Amino acid sequence: MKRIKGNISEEHRAYLRKRRASTAFVVGMQLFILVQFFLVWELLARKEIIDSFIFSCPSKMWRSFTGLAKQGVLWDHVSATLLETVIGFLSATLIGLVIAVILWSVDPLRRILEPYIVVLNALPKIALGPIIIIWVGAGRAAIIVMAILISVVITIITILNGFLSVDKDKILLMQTLSANRWQILTKLVLPSNLSNIIAALKVNVGMAWVGTIMGEYLVSREGLGYLIVYGGQVFNLSLVMCSTMILTVLAALMYFCVLILEKIVKR
Amino acid sequence: MKEILRLKEISHIYHGKSGETKAIDGMDFAVYEQEFFGIVGPSGSGKTTLLSILAGILKPSSGEILRNISPSEIGYMLQRDHLFDWRNIDDNVTLGLEIRGIKTKENVLYARSLLEKYNLGDFVRKKPSELSGGMRQRVALIRTLALRPKLILLDEPFSALDFQTRLTVAEDVRKIIREEGITAILVTHDISEAISLCDRIAVLSARPARVKKIFENTIEKGLSSIERREAPEFSDLFKEVWKELEFTDEKDKGKYQ
């Protein structure tokens with residue numbers, strides 16, 4: 001919000017005050033709901049209205065958390081998952097972008113491959129799990145491949161659609177300035193698609209987490225997905241809930257990173 | 001006067017899914033150096049096609065164009081300004097220089113001097129969205145002029161502007177083009193615009209386009225385009241041009257009165 005220099009009218013001051021008050025109310029309510037949620041959860045568990053063996057409770061989750069920290073494995077699990085997700089996210093975006101550029105540049109190729117891309121997009125990628133494990137081995141590589149597969153097709157489709165919807169007259173303008181295809185791409189198509197690419201990034205952040213956790217469910221010996229599956233198998237619901245909570249925080253942080261990137265790029 | 005380009009029996013056919021359309025049929029005319037040549041025709045008479053052929057973007061189905069200038073000396077101005085929102089005015093104006101790899105200090109300074117000359121000097125750091133429609137169209141013209149064209153093609157460049165802005169921008173464009181000593185070909189369906197700007201006016205038939213007649217504009221060249229609209233010869237020429245225009249639909253006739 002731009003500040004107006006000098007005297008502002010009483011009316012405007014009142015308006016600004018009202019706006020600030022309403023923002024404060026919304027943020028306050030959001031925090032209140034969060035705190036209430038954990039308080040009520042804890043309270044219900046302590047009064048034994050809900051079974052904390054099945055539903056866990058915030059204090060038990062905290063004990064799980066500190067337990068992991070004391071064993072010195074907390075960071076190992078978090079970093080494993082984080083690394084896989086970040087690699088999956090970055091590679092999927094990059095691969096998707098490059099393929100979209102190629103398909104945009106070579107029109108016949110785009111028309112030939114269109115039905116294959118549509119079918120690949122419809123396919124539930126998790127079905128490829130066993131194949132991936134056999135091909136790249138039951139390790140970290142399989143998890144990353146899963147994370148990439150789950151978001152790469154939709155990235156290609158979103159970005160390519162943006163490329164194709166560039167104003168035909170703007171392309172004509174570039175041609176009148178005797179631009180070649182590469183210049184049309186770098187000086188017109190890519191810059192005019194910045195918001196579109198950022199939108200794809202936002203979707204991919206979520207997708208990369210889905211892919212990584214799916215992958216960890218299938219193969220891993222470490223990571224948050226592994227903790228959740230392991231916790232479920234040994235009926236340690238506190239461990240499951242605790243890991244889920246860490247996951248939520250990390251996913252939110254990564255989304256905020258993309259938001260910050262958006263602010264920087266768009267200035 | 002020296003010819004800058006001559007069309008010889010130019011024809012063009014568009015091929016589509018549902019058949020072929022003849023857009024231009026045996027077109028012949030010449031344009032001379034430093035003249036302002038107008039092309040008036042009913043909507044959809046292949047005017048834009050003709051410009052694309054003149055610019056060398058489109059190859060005609062048959063016929064020949066003799067050019068005394070290289071295609072890189074032809075500038076093109078479209079209906080809308082198409083300024084890029086992610087570039088400031090300065091960077092928009094030098095886009096053509098950048099693309100042709102001639103963004104030298106000298107050329108950039110020349111572009112800047114054009115901006116200064118036509119009262120846009122204070123806006124070089126601004127984004128296109130901060131400028132009015134008329135200013136944007138002038139920036140678009142300077143983007144074309146920065147490449148120092150000898151011939152400039154104008155494809156209804158004022159049609160997206162409101163009437164008031166249209167008159168002033170048309171006058172600005174005429175003045176700029178005259179001062180820089182450039183030949184111009186203007187395509188329009190607005191007869192009074194053509195008369196107020198052009199030295200000669202070719203009237204096209206409905207599709208497929210042929211040149212029906214070329215009118216000499218006798219109105220004093222030194223006058224501004226707004227003064228030209230008030231000249232006594234204006235209404236006579238208007239009537240003659242208007243009579244020559246064909247209308248496929250009688251209802252359309254009203255639009256040009």
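Residues numbered from 1 in each chain as written. Chains lettered and ligands numbered in written order. Predicted model: local features only at pLDDT ≥ 70, side-chain atom pairs only at ≥ 80, totals over all residues.

A closer look at the overall build of chain A
Step number 1: Scanning chain A for helices and strands turns up 12 helices and 0 strands.
Step number 2: Order of helices (α) and strands (β) in chain A, N terminus to C terminus: α-α-α-α-α-α-α-α-α-α-α-α.
Step number 3: Its C-alpha atoms give chain A a radius of gyration of 24 Å, more than 25% over the compact-globule value 18 Å for 267 residues.
Step number 4: Taking the principal axes of the C-alpha coordinates as reference, chain A spans close to 75 × 70 × 30 Å. (Helix = DSSP H or I, 4+ residues; strand = E, 2+ residues; numbered from the N terminus. Rg over C-alpha atoms; globule rule 2.2 N^0.38 Å.)

Quick notes on the sheet that holds strand 2 (residues 19–32) of chain B
Residue and element names in this part refer to chain B.
Step number 1: Taking strand neighbours across the sheet as the criterion, the 3 strands line up as 2-1-4 in an open arrangement whose pairing is antiparallel. One side of each edge strand has no neighbouring strand; the edge strands of this open sheet are strand 2 and strand 4 (62–67). This sheet shows a mean twist of 15 degrees between the axes of neighbouring strands, independent of strand direction.
Step number 2: Two elements, strand 1 (residues 3–16) and strand 4, share 5 bridges in a ladder whose sense is antiparallel. Opposite Leu5, over in strand 4, you have Arg67 as the bridge partner. (Pairing = 2+ DSSP bridges. Axes fitted to C-alpha atoms, helices over the stretch in contact; angles between N-to-C directions.)

Considering the interface of chain B and chain A
Step number 1: Contacts between the two partners involve 12 residues from chain B, matched on the other side by 12 residues from chain A.
Step number 2: Considering each element in turn, the side of chain B that touches chain A owes the most residues, 3 residues, to helix 3 (residues 95–99) of chain B.
Step number 3: In terms of residue class, the side of chain B that touches chain A is made up of 7 nonpolar, 3 polar and 2 charged. (Contact = placed C-beta atoms within 7 Å. Nonpolar A, V, L, I, M, F, W, Y, C, P; charged D, E, K, R; others polar.)

Section: the pairing of strand 8 (residues 200–204) of chain B
All names here are of chain B.
Step number 1: In terms of residue burial, strand 8 counts as a mostly covered element, since 4 of its 5 residues are buried.
Step number 2: Relative to strand 8, strand 3 (residues 36–40) runs parallel, the two being bridged by 4 bridges. Following the sheet pairing, Gly38 is matched in strand 8 by Ile201.
Step number 3: The pairing of strand 8 with strand 9 (residues 211–216) spans 5 bridges and is classified as antiparallel. For Ile201, the partnering residue across the bridge sits in strand 9 and is Phe215.
Step number 4: Following strand 8, the chain reverses through 6 residues before pairing antiparallel with strand 9. (Buried ≥ 20, exposed ≤ 12 C-beta atoms within 10 Å, placed from the backbone.)

Points about the nonpolar core
Step number 1: The biggest cluster of nonpolar side chains holds 104 residues, and the ones touching the most others in it are Val40, Ile142, Leu153, Ala184, Ile185 and Leu186 of chain B.
Step number 2: By residue number, the principal contributor to this core is helix 7 (residues 140–164) of chain A, which donates 15 residues.
Step number 3: Dropping the residues within four chain positions of it, Leu186 of chain B is found in contact with Phe36, Gly38, Ile39, Leu154, Ala194, Leu197 and Cys198 of chain B.
Step number 4: Counting 12 residues, the second-largest nonpolar core is a separate cluster that includes Val78, Tyr226, Leu239 and Leu247 of chain A. (Core = buried A, V, L, I, M, F, W, Y, C linked by C-beta atoms within 7 Å.)

Here's the deal with the confidence of the model for chain B
Step number 1: The pLDDT averaged across chain B works out to 85; a share of 95% of its residues lies at or above 70.
Step number 2: Both scores are given for the predicted complex: the pTM is 0.82, the ipTM 0.83. (pLDDT = per-residue confidence, 0-100.)

A closer look at the sheet that holds strand 7 (residues 183–188) of chain B
Residue and element names in this part refer to chain B.
Step number 1: The 6 strands lie next to each other as 5-6-7-3-8-9, forming an open sheet whose pairing is mixed. With one partner strand each, in any of the chains shown, strand 5 (74–77) and strand 9 form the two edges of the open sheet. Taking each pair of neighbouring strands and ignoring which way they run, the sheet shows an average axis angle of 15 degrees.
Step number 2: Its contacts with the sheet place helix 5 (residues 133–145) against strand 5 and strand 6 (151–155), and it is angled at close to 165 degrees to strand 5.
Step number 3: With respect to the sheet, helix 9 (residues 233–244) is in contact with strand 3, strand 8 and strand 9, its orientation differing from that of strand 9 by roughly 175 degrees.

Side note on the packing of helix 11 (residues 224–233) of chain A against helix 12 (residues 237–266) of chain A
What describes two packed helices is the angle between their axes and the distance between those same axes.
Residue and element names in this part refer to chain A.
Step number 1: Closest axis-to-axis distance for the helix 11/helix 12 pair is 7 Å, and the angle between their directions is 160 degrees. Considering the angle they form, helix 11 stands roughly antiparallel to helix 12. Note on packing geometry: the crossing formed by helix 11 with helix 12 is left-handed. On helix 12, the residues that touch Leu224, Leu227, Ile228, Gly231 and Gly232 of helix 11 are Leu237, Leu239, Val240, Ser243, Thr244, Ile246 and Leu247.
Step number 2: Class assignment of the residues belonging to the contact of helix 11 with helix 12 gives a composition of 8 nonpolar, 4 polar and no charged. (Parallel < 35°, antiparallel > 145°, perpendicular 65-115°, else oblique. Left-handed = near helix turned anticlockwise from the far one by under 90°.)

A look at the packing of helix 5 of chain B against helix 6 (residues 163–179) of chain B
All names here are of chain B.
Step number 1: Two elements in contact, helix 5 and helix 6, have axes separated by 10 Å at closest approach and are oriented at 20 degrees. When the axes of helix 5 and helix 6 are compared, the pair comes out roughly parallel. Considering only the axes of helix 5 and helix 6, their crossing is right-handed. Two secondary-structure elements touch here, helix 5 through Gly133, Gly134, Gln137, Arg138 and Leu141 and helix 6 through Thr165, Thr168, Val169, Asp172, Val173 and Ile176.
Step number 2: The residue inventory of the contact of helix 5 with helix 6, partitioned by class, reads 4 nonpolar, 5 polar and 2 charged.

Section: unusual backbone geometry
Step number 1: One non-glycine residue with positive phi stands out, namely Ser178 of chain A, at about 55 degrees.
Step number 2: You can see Ser178 of chain A is positioned in the loop between helix 8 (168–176) and helix 9 (181–192).
Step number 3: Classification of Ser178 of chain A as partly exposed rests on a count of 17 C-beta atoms within 10 Å.
Step number 4: One non-glycine residue, Gln34 of chain B, lies in positive phi territory at about 65 degrees.
Step number 5: Of note, Gln34 of chain B is situated in the loop between strand 2 and strand 3.
Step number 6: A residue is classified by how many C-beta atoms lie within 10 Å of it, and Gln34 of chain B, with 15 of them, is partly exposed.

Details of the environment of Val210 of chain A
Residues and elements named next belong to chain A.
Step number 1: On the secondary structure map, Val210 appears in helix 10 (residues 194–219).
Step number 2: Classification of Val210 by C-beta neighbours within 10 Å gives partly exposed; the count is 18.
Step number 3: The sequence separation of Val210 and Ser243 amounts to 33 residues, and the corresponding C-alpha distance is 15 Å.

Side note on the domain arrangement of chain A
It is common to give the size of an interface as the accessible area that goes away when the parts come together.
Step number 1: Each domain of chain A was delimited in the assignment, giving domain 1 (1–50) and domain 2 (64–266).
Step number 2: For domain 1 of chain A and domain 2 of chain A, the distance between their C-alpha centroids amounts to 34 Å. (Domains from an automatic or database assignment.)

Details of the pairing of strand 1 of chain B
A regular strand places its side chains on the two faces of the sheet in alternate fashion.
All names here are of chain B.
Step number 1: One ladder, built from 10 bridges, connects strand 1 with strand 2; its direction is antiparallel. The residue bridging Arg6 from the neighbouring strand is Ala30, located in strand 2.
Step number 2: Counted along the chain from strand 1 to the antiparallel partner strand 2, the turn is 2 residues long.

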